[in-house]
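So you can see what is in the structure, the chains are spelled out below.
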Amino acid sequence: MSSRVRIEVPDGSGFGPAHLPYCVFRPRGGQPRVGARLGDSIIDLAVALDDPMFAQPSLNAFMTQGPQCWREVRERVRTAADSELPAAAVHSVAAVTLDLPVEIADYVDFYASIDHATAMGRIFRPDGDALLPNWRHLPVGYHGRAGTVVVSGTEIARPHGQRRTESGAPDFGPSRRLDIEAELGFLVGAGSPLGSPIGTGEFAEHVFGVALVNDWSARDIQGWEAQPLGPFLGKSFATTLSAWVTPLEALAEARIPLPEQQPEPLPYLRDNAPWGLDIELSVEWNGHRISTPPYGRMYWSPAQMLAHLTANGASTRTGDLFASGTISGPERHERGSFMEMSWGGTEPIDIGGDKRTFLEDGDEVMITASAPAAGGGRLTLGEVRGRITG
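Residues numbered from 1 in each chain as written. Predicted model: local features only at pLDDT ≥ 70, side-chain atom pairs only at ≥ 80, totals over all residues. Heavy atoms only, no water.

A. Looking closely at the overall build of the protein. Along the protein, the regular secondary structure elements total nine helices and 28 strands. In terms of overall dimensions, the protein is globule-like: its C-alpha atoms have a radius of gyration of 21 Å, near the 21 Å expected for 390 residues. C-alpha extents for the protein along the principal axes are approximately 75 × 50 × 35 Å. The buried share among the 390 residues of the protein stands at 55%. Sequence-distant contacts, at least 24 apart, represent 72% of the contacts inside the protein between residues at least 6 apart. Summed over all atoms, the accessible surface of the protein reaches about 16600 Å², with 49% contributed by carbon and sulfur. (Helix = DSSP H or I, 4+ residues; strand = E, 2+ residues; numbered from the N terminus. Rg over C-alpha atoms; globule rule 2.2 N^0.38 Å. Buried < 20%, exposed > 50% of the residue type's maximum accessible area, 1.4 Å probe, protein only. Contact = heavy atoms within 4.5 Å. Areas by Shrake-Rupley, 256 points an atom, 1.4 Å probe, with all protein chains shown as cover.)

B. Representation of the sheet that holds strand 4 (residues 41-44) in the model. Taking strand neighbours across the sheet as the criterion, the five strands line up as 6-4-3-2-7 in an open arrangement whose pairing is antiparallel. Two strands close off the open sheet at either side, each with one partner strand: strand 6 (90-92) and strand 7 (96-99). On average, each strand axis in the sheet is inclined to that of its neighbour by 45°, with strand direction left out of account. Taken together, the three bridges between strand 4 and strand 6 define a ladder with antiparallel strand orientation. Each bridged residue has a counterpart across the sheet, and for Ser41 the counterpart in strand 6 is Ser92. (Pairing = 2+ DSSP bridges. Axes fitted to C-alpha atoms, helices over the stretch in contact; angles between N-to-C directions.)

C. Spatial organisation of the sheet that holds strand 28 (residues 378-389). Pairing within the open sheet is mixed, and its five strands lie in the order 11-28-27-22-23. Each of the sheet's edge strands pairs with one partner strand only, and the pair in question is strand 11 (156-157) and strand 23 (288-291). With eight bridges connecting them, strand 27 (residues 364-372) and strand 28 associate as antiparallel partners. Note on strand 28: the bridge partner recorded for Ser370 is Thr380.

D. Spotlight on the nonpolar core. With 62 residues, the main nonpolar core has Leu184, Tyr295 and Phe322 as its most contacted residues. Among the elements that take part in this core, helix 8 (residues 302-310) stands out by supplying five residues, more than any other. Grouped together as the second largest cluster of nonpolar side chains are 37 residues, Phe62, Trp70, Val213 and Val245 included. (Core = buried A, V, L, I, M, F, W, Y, C linked by side-chain atoms within 4.5 Å.)

E. Highlighting helix 8. When you tally the buried positions in helix 8, you get eight out of nine residues, the bulk of the element. Here helix 8 has its buried residues at Pro302, Ala303, Gln304, Met305, Leu306, Ala307, Leu309 and Thr310. As for helix 8, its buried residues are in contact with strand 8 (107-110), strand 15 (182-188), helix 5 (203-206), strand 16 (207-214) and strand 24 (321-323).

F. Spotlight on the pairing of strand 28. Relative to strand 28, strand 11 runs parallel, the two being bridged by two bridges. Looking across to strand 28, one finds that Ile156 is bridged to Ile388. Connecting strand 27 to the antiparallel partner strand 28 that follows it, the hairpin turn spans five residues, and Gly375 within it adopts a positive phi of roughly 85°.

G. Seen up close, empty space enclosed by the protein. All told, the structure shown has one cavity of 30 Å³ or more when counted by the stated rule. Taken as a whole, the largest cavity encloses approximately 30 Å³ of empty space. Looking at the lining of the largest cavity residue by residue, the class counts come to eight nonpolar, three polar and no charged. (1 Å grid on protein atoms, 1.4 Å probe; cavity = no way out; pocket = protein on both sides within 12 Å on 5 of 7 lines; lining within 4 Å. Points joined across faces, edges and corners; volume = space filled by probe spheres on them. Nonpolar A, V, L, I, M, F, W, Y, C, P; charged D, E, K, R; others polar.)

H. How the structure looks around the environment of His91. Looking at the secondary structure, you find His91 in strand 6. Assessed through its relative accessible area of 18%, His91 is described here as buried. C-alpha separation for the pair His91 and Ile42, spaced 49 residues apart in sequence, amounts to 5.1 Å. If sequence neighbours within four positions are ignored, His91 has contacts with Phe25, Pro27, Asp40, Ser41, Ile42, Asp44 and Val96.

I. A look at the layout of surface pockets. What the largest pocket holds in volume is close to 1100 Å³. Lining the largest pocket are 35 residues, and of these Tyr111, Phe124, Gln222, Ala226 and Pro231 lie nearest its centre. Looking at the lining of the largest pocket, the elements with two or more residues in it are strand 8, helix 4 (114-124), strand 9 (141-143) and helix 6 (219-225). Across the lining of the largest pocket, the residue classes break down as 17 nonpolar, 10 polar and eight charged.

J. Summary view of the pattern of salt bridges. One pass over the structure, following the stated rule, counts 19 salt bridges. Arg356 is the salt-bridge partner of Asp363, the closest N and O atoms lying 2.2 Å from each other. Arg356 carries the same exposure label as Asp363, and that label is buried. What emerges from the salt-bridge pattern is a single network uniting Asp179, Glu181, Asp215, Arg219 and Lys235. (Salt bridge = Lys/Arg side-chain N within 4 Å of Asp/Glu carboxyl O.)

Okay, structure coming up:
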């Protein structure tokens, strides 16, 4: 008779039975497979649920099944987590390798924080309006590069590109103004066909879960090339995604009303059940916490982002990732990018006594977050971490 174990969850763990985030992991010497985290352990779902759908190198096969399957599996995982499990189904988080959890289909990055957009507008247009005329009417976004989305822990090579010099002419070389963007990503599970927009009320029928994102930015490359089009090489070199995907259902207690939207959005962007989320982020630079961005102040909700993304009839696919854009609050210690925190490089940031503006080789950034959990306490969204190499 095979041995069985019960997973003990430490008090205050952000990975209790009300959370159960998904991941793709590789046990030592084994193949990648889908798991769910409980405490400091990972439950191998292919073994625990006796289901080959989870013996896969990504969550995509599961995600494409749709919301009824997502709910049923989550309930089965919760039942399994509350009982003794086969020992072969339980792995220590510290003993496995975590892979990119989703095969990314398309990637869209939004610009949904009014505090971030206002700060950036004041930096770049100190004598003009902070917000451009369209900003309060639609969630501004751009298409990123799905192939350079990498899992947390992947080292980030400093990007090279054209940069404007003091003479006004460009040169080519490594970015000198390498930055972060602390964001929340949303993963589409159930896609939609070409020509069929998704309404705001259909958000939960299509979005499988959320994960933290760091959308690295080379501000000098971006500033020169975005004349007049949008981000390209300054953004496409790397986007880091957490290894942990929190099911949308686990964030039920985190839902809050959106801030007031004035003027009222056009009808296709109105949402009778707003998807504001009370999520608090934390940004650490070389082990020093420098910022606590509040997602609850985001102006545009993810339901509105998805509605706008598909309003023209664009299709969506399993594995599509769309991110919130930089999450910031009105105060300096709430800003989600170094461009804002250093006010365009003019106000150095104190990193343990070291005065800095942008990232240097060897620097490491870690973003974490937490949210209210069902039954009280808080759940911990998995970290997103990256170190810069030359």
